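Close look at the chain arrangement
Residue-level listing of the chains:
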Amino acid sequence: MSASVSAAEMAAVKTSSNGVWQGDDPLHFAFPLLILQALLILVLSRLLAFLLRPLRQPKVIAEMVAGILLGPSALGRNGAYLHALFPPWSAPVLESVASLGLLFFLFLVGLELDLRSVRRSGKRAFAIAAAGISLPFACGVGVAFALRQAIPGADQAGYAPFLVFMGVSLSITAFPVLARILAELKLLTTPIGETALAAAAFNDVAAWVLLALAVAISGSGGSGHGPITSLWVLLCSAAFVAAMMVAVKPAMTWVARRADAAGEGGGGEALWVSATLAGVLASGFATDLIGIHAIFGAFVFGLTVPNEGAFAGRVTARIEDLVSELLLPLYFASSGLKTDVATIRGGAAWGMLALVIATACVGKIVGTFGVALACGMEAREAIVLGVVMNTKGLVELIVLNIGRERKVLNEETFAILVLMALVTTFITTPTVMAIYKPARAAGRRRLHHRKLQGPIPSAPSSPSAGAGAATANELRVLACIHGGQDVPALINLIETIRGHTQPRRLVKLYILRMMELTERTSSILMVRAARRNGLPFFRPRRAGEAPQDQVDVAFGTYAQLGHVSVRAMTAVSALHTIHDDVAAVAEDKRVSLIVLPFRKRHGHGHGGGEGEGEELGPEWRAVNRRVLREAPCSVAVLVDRGFGGGEQVSSEEVAHGVCVVFFGGPDDREALELAGRMAEHPGVQVTVVRFVDGKAGSEEQSEVTLRPAKTKNADRSYTFSTAVVDTRKEKELDEAAVAEFRQRMGTLVRFEERVVVGNVIEEVVSIGKSGEYGLVVVGKGRLPSPMVAQLAVRPAEHPELGPIGDALASSGHGVTASVLVVQQHDMSNADEVPVSVVVDGHAHDGEFAKDMAEP
């Protein structure tokens, strides 16, 4: 895709067509062709991003590969296709639109850069950055000499700009990609993360200065102007930066304060956002007027906007979706369209590609690693720092495109350097993930195993019976939420659990809002605001500061009216690691119970019916399963069907029935303990229904055994602990727990025993459908009673809830009550697998026999 188009050709191009019915071909007009090009690029890049997601690759990789596939390297080998969809005259149109997105993207990069963390890291980050740019720069200069000899036409550019461009292309670090990798590894706000960001910031500043020098030199080289012109360009650039920091930065601080005072959605806020966007355009025009690229002005202007307040987040939210999801993919795809891999001809050229990749990696990693070790960092952290500093990505592509525009890089050299950027960026995340596996999960966790149920005096002594149990007068709960929809039911549940006896139980409620880490700039800003030393933390509001949203308002009101200690935190993490945040906070705060929202939000119909529910997605189901497996305390999953009427109510207005379904086992005993706390509330009527096997003690009773079933999928089958247990001891513990509970509760709780001979699921579902109860509490049943064990062969809709919880949560059974599925913390039974049911020595579902037949 050549950008060399004559003025006559561009003058002949018309913007829009009159349509095919009037004889116009839309592909011969600029605007409809631009729409089709954008559509092709977006569809292909999204598809590639989806395919590369398991490898945790940044979107820029998919966008670049999409451009290469659409360009002359692949599909573009068909001349008719290339001339029809990407003709030479369309290149300036596509690149102009894409460059506008690039302008605002560099503004967001400057906004994202935290100058305070740069200052905090000080001399160490500066030394690491100096080594991380000087050694690869020197290596790049050395490779430049080899390239000029080996690549035909590479020596047509002047020595000085070619050497500087090569040095910059090998030494630059892609700050935005680096920030996202660190955020995914939960290192962004740790000492190593702040050092990496500060070093990358120093690195980028030096690289931008060198690039500005290269642009100035290359701009004067072919126009007949001497070095005096380059000197003037550099002096004007320095004056521009000084003016922005001295005059514009205080002005933007004043603008941010005014916008925050106006509030989100206020009439004045739109004015200040518009002024900021105009400032981006004006700064870009100013640097282009000086003689360096417009992106420099946008980047420097981004540094002048304060990023610690709400204004930065609102400006980012206004523009980042359009920029990152539409315009930026066009820019990087256009880079791919200009890349013709076929221009790399012969063994010498491919050898040059390998040399450039090896030199880029070795220079950056070795230089950073050596100085980091000298600064006192551990070897593993030093090598990780070197690898992440080798991230190239989008900033590298910007440099290469500028070099190509200035005729410093020819087609073959450009293709070699683009492939180098792709390879170095591609290997960064997998390499870091392989090298750096934080020891926090293994080292800090498992220290305090906590659960609600304390030791039962009448039960046989158990070494773990009271390990880590919550104290009698204090209950610490960690409630996880996705958004405001989860708040009313959660507050009503906490109010129900804490009771109202004298002395009142002391409740400490920790709220953890779970948010997915994305590649958006606002996501990185949220990580910085929500994490400290790699962990979510409670950020107290300043005096006079308004609550951020309805969640803050709701919990603030509950803390004041309910006299409950409430601490709110936010976890911004990739979904495959967010369970680490939940477990780490539970460990740090020594909570006894984690409450998780179910992945489906059920609609609340009228007349006791149930409307359509909202599905949060299978990723959140996986999050819940990981929390259930990794948590250092007991866990409860709340299936909300409008618990408490779907609205937050005061303590005096709480009035609902709670039914606890008891079959036996550790999880059911934990549910019974929770029911005892609920029964203390004067507005809550607790009923315990204990199911008894009608065949117990008779000749018809069968012996039920669970065996691991390798052929079953854990995503579609219930999982159980296959630990060897003493069934007689479990029965004794059940009897002792029930006896102690009835003696302690007395008339506060209605107790009922139901003898079941037929379908136990029908009996349980009838409780949820009866309309008597607002909440049904069940155990998950990891160590199930014989009645529950026989249900393991049922088709599982929500296997993470266990057979009983799944039946009550299913939308097809007509259950109107909310459901709370409780799992007691027990590390000895943490490993769960799909099972087959063996009744009297025979495989009940055919799976066990199949397993035994396998080698």
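Data block above holds the structure.
Below is a short write-up of the structure. Keep in mind that what you see is a predicted model, and the values were worked out from it rather than measured. Position labels on residues start from 1 in each chain and follow its written sequence. For a predicted model such as this one, the threshold for reporting local features is a pLDDT of at least 70, and the threshold for listing and counting side-chain atom pairs is 80 or more; totals across whole chains, interfaces and linings nevertheless cover every residue. As a rule here, side-chain values cover all heavy atoms of the structure and leave hydrogens and water aside.

1. Some details on the overall build of the chain
Helices and strands together make up the secondary structure of the chain, namely 29 helices and 18 strands. Note on classification: 1.4 Å probe, protein chains only; a residue is buried when its accessible area is under 20% of the maximum for its type, exposed when over 50%, partly exposed between these limits. Each of the 855 residues in the chain was classed as buried or not, and the buried ones make up 55%. Every residue pair with non-hydrogen atoms within 4.5 Å of one another is taken to be in contact. Put simply, 81% of the contacts in the chain that link residues at least 6 apart link residues at least 24 apart. In this description a helix means any DSSP run of H or I spanning at least four residues, a strand means any run of E spanning at least two, and both kinds are numbered starting from the N terminus.

2. Some details on the pattern of salt bridges
Pairing between side chains becomes possible if they bear opposite charge and their charged atoms approach one another. Any carboxyl oxygen of Asp or Glu within 4 Å of a side-chain nitrogen of Lys or Arg constitutes a salt bridge here. According to the stated counting rule, one finds 18 salt bridges in the structure shown. Across the pair Arg46 and Glu63 runs a salt bridge whose closest N-O atoms are separated by 3.3 Å. Pair noted here: Arg46 is in helix 2 (residues 30–52) and Glu63 is in helix 3 (residues 59–70), with a separation of 17 residues, a long-range link. Between Glu735 and Arg690 there is a salt bridge, with the nearest N and O atoms lying 2.9 Å from each other. You can see Glu735 sitting in helix 25 (residues 727–745) and its partner Arg690 sitting in strand 11 (residues 684–693), a full 45 residues away along the chain. Note on Glu735: relative accessible area 44%, which makes it partly exposed. Where salt bridges share partners, they join Lys186, Arg531 and Asp581 into one cluster.

3. Digging into the packing of helix 24 (residues 666–678) against helix 25
Axes here refer to lines fitted to C-alpha atoms; in helices the fit is confined to the stretch in contact. Angles between the N-to-C directions go from 0 to 180 degrees. It is the contact of helix 24 with helix 25, at a shortest axis distance of 10 Å, that shows an interaxial angle of 5°. Considering their axes alone, helix 24 and helix 25 lie roughly parallel with respect to each other. Note on element contacts: helix 25 touches helix 24 through Glu730, Leu733, Asp734, Ala737, Val738, Phe741, Arg744 and Met745, opposite Pro666, Arg669, Leu672, Glu673, Ala675 and Gly676. Side-chain classes follow a simple rule in which Ala, Val, Leu, Ile, Met, Phe, Trp, Tyr, Cys and Pro form the nonpolar group, Asp, Glu, Lys and Arg form the charged group, and the remainder, Gly included, forms the polar group. Within the contact of helix 24 with helix 25, the residues separate by chemical class into eight nonpolar, one polar and five charged. Roughly parallel refers to an angle under 35 degrees, roughly antiparallel to one over 145, roughly perpendicular to one between 65 and 115, and oblique to any angle outside these ranges.

4. What about the sheet that holds strand 5 (residues 565–573)?
The ten strands lie next to each other as 5-2-1-6-9-16-15-10-11-14, forming an open sheet whose pairing is mixed. Both edges of this open sheet fall to strand 5 and strand 14 (749–756), since each of them pairs with a single strand only. Here the average twist between neighbouring strands, direction ignored, is 20°. In short, DSSP must find at least two bridges between two strands for them to pair. Taken together, the five bridges between strand 6 (residues 593–597) and strand 9 (residues 634–639) define a ladder with parallel strand orientation. Its bridge partner lying in strand 9, Leu593 is registered against Ser634. Here helix 26 (residues 760–769) sits on the sheet in contact with strand 10 (656–662), strand 11, strand 14 and strand 15 (775–779), set at roughly 150° to strand 14. Each of strand 9, strand 15 and strand 16 (818–823) touches helix 28 (residues 802–809); the most contacted strand, strand 15, lies at about 155° to it.

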